[in-house]
Amino acid sequence: MKNFNLRDFGAGIWERSNRYQRVAIVLVTITLAALLPFAGASFLATPVAAYDAVLVYPVAIFVLMSLGLNIVVGKSGMLDLGYVAFFAIGAYTNGLLSMHTGLNTWEIMPIGIGAAMFAGVLLGIPTLRLRGDYLAIVTLGFGEIIRIVALNVSWTNGPNGISGIQMPPPILGKEFALDDQKLFFWVVLVMILLTIWMIRRLTVRRPGRAWEAIRQDEDAAELMGVPTLKYKIWSFTLGAAIGGAAGVLYAAKNLFISPEMFTLNVSILILACVVFGGIGNIWGVILGGAILGYLPDRIRFISDARLLVFGLVLVVVMNFRPDGLLPRKKREKALVKKGASA
Amino acid sequence: MNKKIKASAAIVAAIALSFGAFATTSASAATKTFTLAYQGPLSGGEASTGIDEQNGVKYAIKVFEAANPGYKINLVSVDDEGDPAVASKVAPGVGTNTKIIGLIGPAYSGATIASLPYYKAGNLTVISPSATRVSLTDPKSPTAKSDYGRPIFHRVVATDDKQGPALAKFATAGNTAAKVFVFDDQSSYAVPLRGYVEAALKNVKGATLVGGDSVPNTTTDFSPTIAKIKSAGANVVIYTGYYSQAAVFVKQLRDSGSTATFAGGDGVFNQQFAVLAGKAGEGAKLTGVAGLADVDPKIEADFKAKIGVSSGVYAVESIDAANIFLSGIKNGKTTRAAMNKWVKSYNFKGIAGANIKFNQHGDISEGGFAGFLVTGGTLVNKGPVA
Amino acid sequence: MFTVFIDQFWQLTISGIALGFIYVLIALGYTMVYGVLRMINFANSEIFMWGTFGAIVASRDLFGYNQTSEPAHGAKLALVLFIQLFASMAFAGLTAVTVEFVAYRRLRAKGTNRLATLISAIGMSMVLSEVMRLLTASRPVGSPRILEKVILVEVWGAQIRLDTLITIMAAGAIFIILERFVKLSRMGKAIRAVSMNEDAAKLMGINLNRVITTTFLVGGLATGAAGFFYITVYEYTKFNIGFTMGLAAFTAAVIGGIGNIRGAFFGGVSLGLAEVYASAILGTQWKSVTIFIVLVLVLLFKPSGLFGEAVTQTRA
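Treat the numbers as computed from the prediction; the structure is a model and nothing was measured.

*Asks:* Give me the lowdown on the overall build of chain C, citing residues and values where you can.
*Replies:* Along the backbone of chain C there are 12 helices and 4 strands. The C-alpha atoms of chain C give 19 Å as radius of gyration, which agrees with the globular expectation for 316 residues (20 Å, within 12%). When the backbone C-alpha atoms are referred to their principal axes, chain C occupies close to 55 × 45 × 35 Å. By the burial criterion, 58% of the 316 residues in chain C qualify as buried. Taking all contacts inside chain C whose residues are at least 6 apart in sequence as the whole, residues at least 24 apart take part in 80%.

Printed below as a string of C-alpha cells:
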C-alpha cells in the first residue's frame, strides 16, 4: 500500500479492461453523472441555493472551465491568471448578440467560441514568448483589461450590464425552464464530454506530445525541433475556446451579465480547481471543479465564515496533497519535479 | 494505510461531520409559523449594508411577535453578497421554496435584476428597501423586458431619477454661480445617478457642469481627481458613490486647500461618513431619507435594546418593508398569491409618517429626499428637497 | 484632455512619487520572497492590509486617539508616529512569518510543484482577509489624524505637504536600510547565496529555514512600513484594500524586474507616476488599463523587466 495512488489504481482498471468493459465503464459513468440532478433530496442538497441550479453554475461550468484551463496550465505548463477574460468574452458575445440580433444561443455558440479564440491568438502571439511568472502577470492584466473595458464603454451598458438575454430554444421538444435546470445541466454535461473527448484525442497525438515536451523543458523541446510558440498558441487558443463556450452557456443560464461577474477572483478560483483536483489529470481537474464549485454553497449554513473555511480547505489540502486530490501519473510527476516549469 | 490517505480521510470525515450538522427546524403545533426571507449582502465586501437592513427586518419581526402572541415568524437569510452572479445562484432556491411567502430585498439593483426571473416564475412578492435603479419600475426603459419587475417587485425607496434632481438642487443651493464637478465610483449605483444629476444640473439656474471623472471604487488616492477639480475651477463637487470613499476623498480635498462645497447622494448619507471624514466632512451636503434615530429617538432606543446594535442604513425602509408583509400575515394572507394582492392594495402609514401605497409599477407615491448638512459631526436634517 | 496634465503637472508628479514610494515598499515584499524562492507571495497584499491595521491599533487603542481628537505635536508626534510605524511593521512582519510557516514551509520541504504553493498562498490570503473582515464586521476603519497635514511650500503651483515629504523621506530611508542589509550584512549575504543556489548554500552550512524565515520577515517589515505610510496619508483602511495595492505593487516589481531590489524601487516610483498621469490624461477609470499596457510593452522589449531578474542570477 505504500505507493497507493488512486489515479494509477483507476488507470490500472481501465488498462486491464477489454473493449466491452470499457464501453460499459464509460456508459455507467455518464449515466451516473446525468442522474446527478435527481440526487437533490439526498445529503447533497444545498441549503438556500437551489440544488439543480448549483449543479449548472458553479459546478458544471466550473468543471468545463477547469478542463479548458488545464490544457494551458496542466498540459503545456503555462501559468494563466487571466482565464476569466475568455469567459467574459463568451458571455458578452452572447449578451450583445442576443440584444441586437435574433440569434439564439446555439447560433451564438460558434461565434462566441470564435471570438474567444481570436482573443486568445491576439494575446498569445506577443505574450507567449514570456516565461513563468511574467506570463502570469500579463495574462492577469489582460483579464482585468477586458473587465474594465466592459465597465467603461457604453455599448456594453457599463456597470449596469446586459439583462434580458434569451433563454436557449427547446431541445428535442423540451423547453428550458427557470425553476427546473436539469435540461441545462445535461447540455453542459454534453459540452464537458465533448471537451474530454477532444482533450484525450489531442493528448495522444502530436500536439499532446509537443505540449508535454514544452511543459517539461521548453528549451530542450525547441532544440528537438518542436515549434514551441506555435503549439503554445494552439494550447492557449483551445483553452480560450472552452472558456468562451462556458461564457456563452453562463450568459444563457444567468440571463443577466455585468462586469462585476468577471473579476480576477474567477481566474484564481478556476486555477485553484485545477491545482486542487490534480493538475494535468482530467479526472482530478473534474473532481476539483466539482468540489470547489459545490463546497461554498453546501456550507452556506456557516454563512459568514464560508470563505474563511474555503481558504482553510485550500491551505490544508494543498499542504497534505500538493499534487491535488487525484494527481497525474507518477511517470509524468517525476519529471515535473526536475523541471521547474510547472 | 499511509499517512497521505489517513490525512485525506480525516479531511473527508471532517467535511462529512460539518454536513451532518445541518438540520431543518420544524414548527410546533401551538403557534402559527410563517416564513419570510431577507435577501441582501450578508458576507463579502458589501456585508455591512445587508447586515444593517436585516437588523431592521429582525427588529420589525420582534416587535410583531411581541404584539401578537401565537405568531412565529421564521426569517430566511438569503445572502447574495450584493453580487448578481451569486444572486442568480440563490434565487432559484428561494423562488421554489413556497414556504417563503414574502421577501424583503434584494438590497442591490444588479442582484435584483438577476433574481427577478425566478421570483416572477414563483409569483413571490418582493419589497426592496434599497434597490433604486429606475428601470426596475419603468415599463418604458429600453431593458424593460427583463428589468421591469411588475407584478411582484415593489420598493419603499425613491428612485435615482428623483434623487438626481434633488441632489443637483441641494448641492448648488445658495450658490448663484455654481461650477459643478460630478464624479462616480463606477458602480451600477453611482453611474446612473451621476447621469441623472448631470441632466438635472441643466435645469438649475446659474449652475454649469465643468467636469467629471469616474474613479474605481477601490481607489484611495484621489490626487488626479483633485487636480482635475482645481484645473476646472469647480466650486461644487458632487460624488455619487458610497460613504467610505467619500470620506477619504473629502479629507484629501480639504488637505489640498480646496474650499469647494462637497455633496453626495444617499450612498454617502451615513453617519459613518461624518465619523470617518472628521473635520473635513463639516459642511458636506447630502441627500437621503431620514434614518431611524432622526425619525423617532424612542424607536431607536428600543431598536438598540432589542437588537443590541444601533440601527444602520435603510433601517426605516427595512422596517417598513417587513411591516407590510407582517400586517399581511396578521390579516390571514398566507399564500404567495394572497400576499401579492395584499401588498398591491396596501395603504397605511410607515414609521416615518409618510403614507405607503404602491402605484401600478411598484413604486411608492409619497416620500422623497431630504437634504442633510453635516454639522458638528452629525447629519442635520434641513427638510425635504423638492 | 491634456489641459489638466499640463496645468497640474508638478502637483501630479509629487502625488505620484509619494504613491510610488508606498508601492516601492510593498514591491519589496514581493521581490524579496521572489528572489529567494522564485515564487509569487500571493499573500503579500494581505500582509500589507494587516500592517495598516497595526498603525491604527497603535494610535487608537494604545494612545487613545479618536476621529475627533486633535493632531499630535512636537515630541509626542514623533513618539506616536514611531510607535505606529513599529506596530505596522510588527503586525506585518508577524503575519509574513506566519504565512511562510503555514503556507510555504511544509510544501517547500517536500520540494513539490510551485503551483501547489501558489494555491496554498492564495488560500492563506483568503484566510487573512476573511479573518479581518469578521473582526471589523466588513466595515471600513478610519484612522485618527496624528500628523497635521500642513502645506509646507508651494513650488510651481504644486503643494508640498508635510505628510508627503515624510512619506518620501522615511520610505526612502527604509528602502536604503533594507537594501544595505541585503547587500552587506551576514544574513543578507546568506539570503543572496540561497537565491543564487539553494543546494550549494546548504552545503556551505547556511541554515535554509532561518534564511527563508528572515526573508519573509524582511519583506513583511517593508510591506508593514508601507501600511504605516498608507495610513498616515489616507487615514483609512478596510479588509479588502490589500488587493488593489498589492496588484499595483506586484506589477511594479515585475516592471522593475522581479527579484531585483533596485528594480522594485524604479518600478514602484514609475508605476506611481504612470498611474497618476494616466488618471489625469485619460480619466481615472483607465488607469489600470494603461498600467497593464505599459507592463506588456516593457516585457515585450525587456522580457525580464527593466533591471533584469538579478538579485543575483536566474536559477536553472
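*Asks:* Give a detailed account of the packing of helix α13 (residues 306–320) of chain A against helix α5 (residues 114–136) of chain C, specifying residues and quantitative values.
*Replies:* Here α13(A) crosses α5(C) at 155°, and the two axes come no closer than 8 Å. Classed by the angle they form, the pair α13(A) and α5(C) counts as roughly antiparallel. As for the relative orientation of α13(A) and α5(C), their crossing is left-handed in sense. When α13(A) is examined against α5(C), the residues A:Leu307, A:Leu308, A:Phe310, A:Gly311, A:Leu312, A:Leu314, A:Val315, A:Met318 and A:Asn319 are found in contact with a partner set consisting of C:Ala116, C:Ile119, C:Ser120, C:Ile122, C:Gly123, C:Met124, C:Met126, C:Val127, C:Glu130 and C:Val131. Partitioned by chemical class, the residues of the contact of α13(A) with α5(C) number 14 nonpolar, 4 polar and 1 charged.

*Asks:* An account of the pairing of strand β1 (residues 32–40) of chain B is needed here, citing residue identities and associated values.
*Replies:* Residue and element names in this part refer to chain B. In this structure, β1 lies alongside strand β2 (residues 71–79), joined through 9 bridges in parallel fashion. Opposite Leu-36, over in β2, you have Leu-75 as the bridge partner. Each parallel crossover has a hand, and for β1 linked through helix α2 (residues 47–67) to β2 it is right-handed. Relative to strand β3 (residues 100–104), β1 is paired through 4 bridges, and the arrangement is parallel. From the neighbouring strand, Ala-37 faces β3, where its bridge partner is Leu-103.

*Asks:* Residues and numbers for the interface of chain B and chain A, please.
*Replies:* A common way to express how large an interface is: the accessible area buried when the components associate. Facing 41 residues of chain B, the contacting portion of chain A comprises 38 residues. Where the side of chain B that touches chain A is concerned, the elements lending two or more residues are α1 (3–20), β2, α3 (84–96), α4 (109–122), α5 (144–147) and α7 (190–201) of chain B. It is α3(B) that provides the largest number of residues to the side of chain B that touches chain A, a total of 9 residues. Of the residues in the side of chain B that touches chain A, the class split is 19 nonpolar, 16 polar and 6 charged.

*Asks:* I'd like a description of the sheet that holds strand β14 (residues 378–384) of chain B, backed by residues and values.
*Replies:* All names here are of chain B. If you trace the 7 strands from one edge of the open sheet to the other, you get β7-β6-β8-β9-β10-β13-β14, paired in mixed fashion. Strands at the two margins of the open sheet, each flanked by one partner only, are β7 (208–214) and β14. Going from strand to strand, the sheet's axes swing by 25° on average, the running direction of each strand aside. Against the sheet, helix α6 (residues 160–172) engages β6 (179–184), β8 (236–239), β9 (261–264), β10 (285–288) and β13 (370–375), with an angle of about 155° to β10.

*Asks:* Summarise the interface of chain C and chain A; cite the residues concerned and give the values.
*Replies:* Tallying the contact residues gives 35 residues for chain C and 34 residues for chain A. With 13 residues, α5(C) is the single largest residue contributor to the side of chain C that touches chain A. When its residues are assigned to classes, the side of chain C that touches chain A shows 23 nonpolar, 8 polar and 4 charged.

*Asks:* Break down the nonpolar core for me, with residues and values.
*Replies:* It is characteristic of soluble globular proteins that their nonpolar side chains tend to be buried jointly. Ranked by size, the top nonpolar core spans 336 residues in total, and within it A:Ala60, A:Ile61, A:Leu64, A:Val188, A:Ala272, C:Val24 and C:Leu25 carry the most contacts. Composition of this core by domain shows at least three residues from each of domain 1 (32–158 + 294–353) and domain 2 (161–288 + 369–384) of chain B. Setting aside its immediate chain neighbours within four residues, A:Leu64 contacts A:Val188, A:Met191, A:Ile192, A:Thr195, A:Ile242 and A:Ala246.

*Asks:* Residues and numbers for unusual backbone geometry, please.
*Replies:* Comment: phi is negative for the bulk of residues other than glycine, and the bulk of peptide bonds are trans. A cis amide bond, omega 10°, links A:Tyr57 with the succeeding residue A:Pro58. Following the sequence through the fold, A:Pro58 ends up in helix α3 (residues 51–75). Put simply, B:Gly105 and B:Pro106 share a cis peptide bond, and its omega is -15°. Within the secondary structure layout, B:Pro106 lies in the loop between β3 and α4. Phi is positive for A:Leu255, which is not a glycine, with a value near 65°. Relative to the elements of secondary structure, A:Leu255 occurs in the loop between α10 (228–254) and β2 (256–257). Backbone geometry at C:Glu235 places phi at a positive 55°, although glycine is not the residue there. Within the secondary structure layout, C:Glu235 lies in the loop between α9 (208–234) and β4 (236–237).

*Asks:* Outline the environment of B:Phe249, listing residues and values.
*Replies:* All names here are of chain B. Within the secondary structure, Phe-249 sits in helix α9 (residues 243–255). The exposure class of Phe-249 is buried, given the 26 C-beta atoms found within 10 Å. Each C-alpha atom of the pair Phe-249 and Lys-140 lies 36 Å from the other, and the pair is 109 residues apart in sequence. If near-sequence neighbours (up to four positions away) are discounted, Phe-249 is found in contact with Phe-222 and Tyr-239.

*Asks:* Break down helix α7 (residues 182–203) of chain A for me, citing the residues and quoting the values.
*Replies:* Residue and element names in this part refer to chain A. Taking 1.5 Å per residue as the helical rise, α7 with its 22 residues ought to reach 32 Å, and the 31 Å between its terminal C-alpha atoms agrees with that figure. Among all positions of α7, only Phe-184, Phe-185, Val-187, Val-188, Leu-189, Met-191, Ile-192, Thr-195 and Ile-199 are buried. Close packing links the buried residues of α7 with α2 (19–35), α3, α10 and α12 (282–298).

*Asks:* Any details on the pairing of β9(B)? Residues and values, ideally.
*Replies:* All names here are of chain B. Burial along β9 is two-sided: Thr-261 and Ala-263 and Phe-262 and Gly-264, pointing in opposite directions, are all buried. Pairing of β8 with β9, which is carried by 4 bridges, proceeds in the parallel orientation. Paired with Tyr-239 across the strands is Gly-264, a residue of β9. Handedness of the β-α-β unit built from β8, α9 and β9 comes out right-handed. Bridge count for β9 against β10 is 2 bridges, and the pairing is parallel. Bridge pairing links Gly-264 to Leu-286 in β10. Crossover connection from β9 via helix α10 (residues 271–277) to parallel β10: handedness right-handed.

*Asks:* Requested: an account of α13(A), with residues and values cited.
*Replies:* With 15 residues, α13(A) extends 21 Å from end C-alpha to end C-alpha; this agrees with the ideal 21 Å at 1.5 Å per step. Within α13(A), burial applies to A:Arg306, A:Gly311, A:Val313, A:Leu314, A:Val315, A:Val317, A:Met318 and A:Asn319.

Cut-offs and rules
- Residues numbered from 1 in each chain as written.
- Chains lettered and ligands numbered in written order.
- Predicted model: local features only at pLDDT ≥ 70, side-chain atom pairs only at ≥ 80, totals over all residues.
- Helix = DSSP H or I, 4+ residues; strand = E, 2+ residues; numbered from the N terminus.
- Rg over C-alpha atoms; globule rule 2.2 N^0.38 Å.
- Buried ≥ 20, exposed ≤ 12 C-beta atoms within 10 Å, placed from the backbone.
- Contact = placed C-beta atoms within 7 Å.
- Axes fitted to C-alpha atoms, helices over the stretch in contact; angles between N-to-C directions.
- Parallel < 35°, antiparallel > 145°, perpendicular 65-115°, else oblique.
- Left-handed = near helix turned anticlockwise from the far one by under 90°.
- Nonpolar A, V, L, I, M, F, W, Y, C, P; charged D, E, K, R; others polar.
- Pairing = 2+ DSSP bridges.
- Right-handed = clockwise from strand over helix to strand, strands pointing away.
- Core = buried A, V, L, I, M, F, W, Y, C linked by C-beta atoms within 7 Å.
- Domains from an automatic or database assignment.
- Expected span 1.5 Å × (residues − 1).

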